[in-house]
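Notes for the structure review
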Amino acid sequence: MKTLIQNGTIIDPASRIHSKNNLLLEDGTVLAFTADTPEADVVLDASGKYVCPGFLDIHMHEDPYDAEHDRLIPDITQSMLRMGVTTAVGGNCGINTVDPAKYLDLMDRDGGAVNMGLLAGHTFFREAAGHGDKYSPITPEELKKLSAMTQDALEAGCFGVSFGIRYVPGISMEEMVETARGCKKAGKFVAAHVRDDAEFIFSAVNELFEIGRRLDVPVQNSHVGSMGGFGQMERLLELMDRSRANGMDLSGDCYPYYAFSTRIGETTYDEGFLERYHADYSVIEICDGKYKGQRCDEDMFRELRAEAPRTITVCHVMKPEDVDMALLHPNIMLASDGLMSGGQGHPRAAGTFPRFLRNYVQTGRLSLDDAISKMTAMPAAKLGLHKKGTLRPGSDADILIFDLDTIADKATFDQPNLPPEGIDYVLINGQIAMDHGKIINGRLGRSLRK
């Protein structure tokens, strides 16, 4: 089947293309750029619009697994599709919702709203190895099991290993190195939610960098805005630049919001967090459950920590100037860090990519080409996905058609899954997945393995 996208301005930062051309697709791949209007089965008019590769979200949290029906529950991936994402990577912060090999197999069996790759989550396999106490060190026998299971996940196609170091205070450098040792041979990378934030961020990122140095593997510093966005960003970016200049394959990601999100039972909210953020309990907003939409007080906080620790929260503590500084840095790519449960969570899961274009490109703070690169070419290069994030002939026909004048996020902290505006079409593997906000086919996505 042939599809012709005509009259649009094509932007492909990976190929340094920014011009008005027609784009011809055939059987799921990009066939050619052309000034002609060849005959096609489907013709999409992109007059006055931009055409670019589908967005890649290198850091999000994948849909849950329904064991009773042996299926994935489509939730966040549908929000990803609506905001122009065609490829996403889950398994971040050490967390998998089910064994990665099974998740990828289910993607291939049933399809999904977007193409999905995974990282092997250290915390998931640590618990599977029999160590449920996040505050205590792992035993040698458990570490042996953990390392073996992680290696199996890498061989099943995971792009690397992720750590939620903050969430597992008992983890040691030896445990991290042994867990990720298979990344070097397989040419894969390590990503981490580092051990600490705010004024303690520098020793925390150096710990992550040490894993990369010991194993000589690429490193991804996850959601830097929510880790160094409290007045430390300039120094943090300088530290990352030095490490990169001295030979480390290092990059980071960030989302365009000034509040982070995590579950109320996580170690982020352990004793001392108010002093660390120079805040009181009211900075915490409850995203689901009986207190949804309310700001915390001490009684509510302690009740939920004890009785409903999986309650999703948003914490309004990051400095806007720090987040902006990160997003404008040439080595920081865009990622949502999206997490949803039953359509509830942080609006970043449904608004990150349109919001970035609205707040940084429409306002003139960043060029459109640089912004698109942060959402396509940069994450594709980090993942080693040579047929994603570009519109070169022969690449996968994952494509977005949008109106820069009207694109805008609509998701809010009260209604976090509202779809954006200004996106005309999203194509996955050459077929229309979304048409002007309506999902036409939510099963075009497949697993991505490395």
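Residues numbered from 1 in each chain as written. Predicted model: local features only at pLDDT ≥ 70, side-chain atom pairs only at ≥ 80, totals over all residues. Heavy atoms only, no water.

With that settled, consider the layout of surface pockets. Size it by volume and the largest pocket reaches roughly 880 Å³. Forming the walls of the largest pocket are 41 residues, and the residues nearest its centre are Ile95, Tyr167, Arg263, Glu266 and Arg310. Partitioning the lining of the largest pocket into residue classes produces 13 nonpolar, 15 polar and 13 charged. Within this model, the second largest pocket holds a volume of roughly 210 Å³. Lining the second largest pocket are 15 residues, with Asp249, Ser251, Met378, Ala381 and Lys382 positioned closest to its centre. For the lining of the second largest pocket, the secondary-structure elements that each account for two or more residues are β15 (250-254) and α15 (377-383). Grouping the constituent residues of the lining of the second largest pocket by class yields seven nonpolar, three polar and five charged. (1 Å grid on protein atoms, 1.4 Å probe; cavity = no way out; pocket = protein on both sides within 12 Å on 5 of 7 lines; lining within 4 Å. Points joined across faces, edges and corners; volume = space filled by probe spheres on them. Nonpolar A, V, L, I, M, F, W, Y, C, P; charged D, E, K, R; others polar. Helix = DSSP H or I, 4+ residues; strand = E, 2+ residues; numbered from the N terminus.)

Right, let's talk about the pairing of strand β3 (residues 29-34) for a bit. A regular strand places its side chains on the two faces of the sheet in alternate fashion. In this sheet, β3 lies alongside strand β2 (residues 17-26) in antiparallel orientation, the contact comprising five bridges. The residue bridging Leu23 from the neighbouring strand is Phe33, located in β3. The turn joining β2 and β3, which pair antiparallel and follow one another in sequence, is formed by two residues; a positive phi near 50° is taken by Asp27. (Pairing = 2+ DSSP bridges.)

Another aspect to go through is the sheet that holds strand β17 (residues 284-286). Pairing within the open sheet is antiparallel, and its three strands lie in the order β16-β18-β17. On the outer flanks of this sheet lie β16 (260-263) and β17, each paired with one strand and no other. Within the sheet, the average angular offset between the axes of one strand and its neighbour, ignoring direction, is 30°. By the bridge criterion, four bridges tie β16 to strand β18 (residues 312-315) in an arrangement that is antiparallel. Paired with Phe260 across the bridge in β18 is Cys315. (Axes fitted to C-alpha atoms, helices over the stretch in contact; angles between N-to-C directions.)

What follows deals with the packing of aromatic side chains. With the rule as written, the count across this model stands at eleven aromatic pairs. Aromatic side chains Tyr269 and Phe273 sit 5.1 Å apart centroid to centroid with 70° between the ring planes, which places their arrangement in the edge-to-face category. Residue Tyr269 shares its accessibility class with Phe273, and that shared class is buried. Against the face of Phe202 rests Arg235, its NZ or CZ located 3.8 Å from the ring centre. Over the face of the ring belonging to Tyr255 we find Arg348, whose NZ or CZ atom lies 4.6 Å from the ring centre. (Phe/Tyr/Trp six-rings, centres within 6.5 Å; stacked < 30°, edge-to-face > 60°. Buried < 20%, exposed > 50% of the residue type's maximum accessible area, 1.4 Å probe, protein only. Lys NZ or Arg CZ within 6 Å of the ring centre and 35° of its normal.)

Turning our eyes to something else, we now look at unusual backbone geometry. One non-glycine residue, Cys93, adopts positive backbone phi at about 60°. Note that Cys93 resides in the loop between β9 (85-90) and α2 (100-110). Judged by its relative accessible area of 5%, Cys93 falls in the buried class. Phi is positive for His278, close to 50°, though the residue is something other than glycine. Taking the relative accessible area as the measure of exposure, His278 reaches 71% and is therefore exposed.

Take the side chain of Ser395 next. Position of Ser395 among the secondary structure elements: in the loop between α15 and β22 (399-402). The buried category is assigned to Ser395, whose relative accessible area is 3%. Within polar-contact distance, the side chain of Ser395 engages the backbone oxygen of Arg392 at 2.6 Å. For Ser395, the contacting residues outside a window of four places in its chain are Gly28, Thr29, Val30, Lys387 and Thr390. (Polar contact = N/O pair within 3.5 Å; in protein donor to acceptor, adjacent residues only side chain to side chain. Contact = heavy atoms within 4.5 Å.)

Attention now moves to the environment of Phe402. Within the secondary structure, Phe402 sits in strand β22. Looking at Phe402, the relative accessible area reads 0%, which means it is buried. Separated by 22 residues in sequence, Phe402 and Asp424 have C-alpha atoms that sit 5.4 Å apart. When sequence neighbours within four positions are dropped, the list of residues in contact with Phe402 reads Lys49, Tyr50, Cys52, Leu357, Leu368, Ile372, Ile407, Gly422, Ile423 and Asp424.

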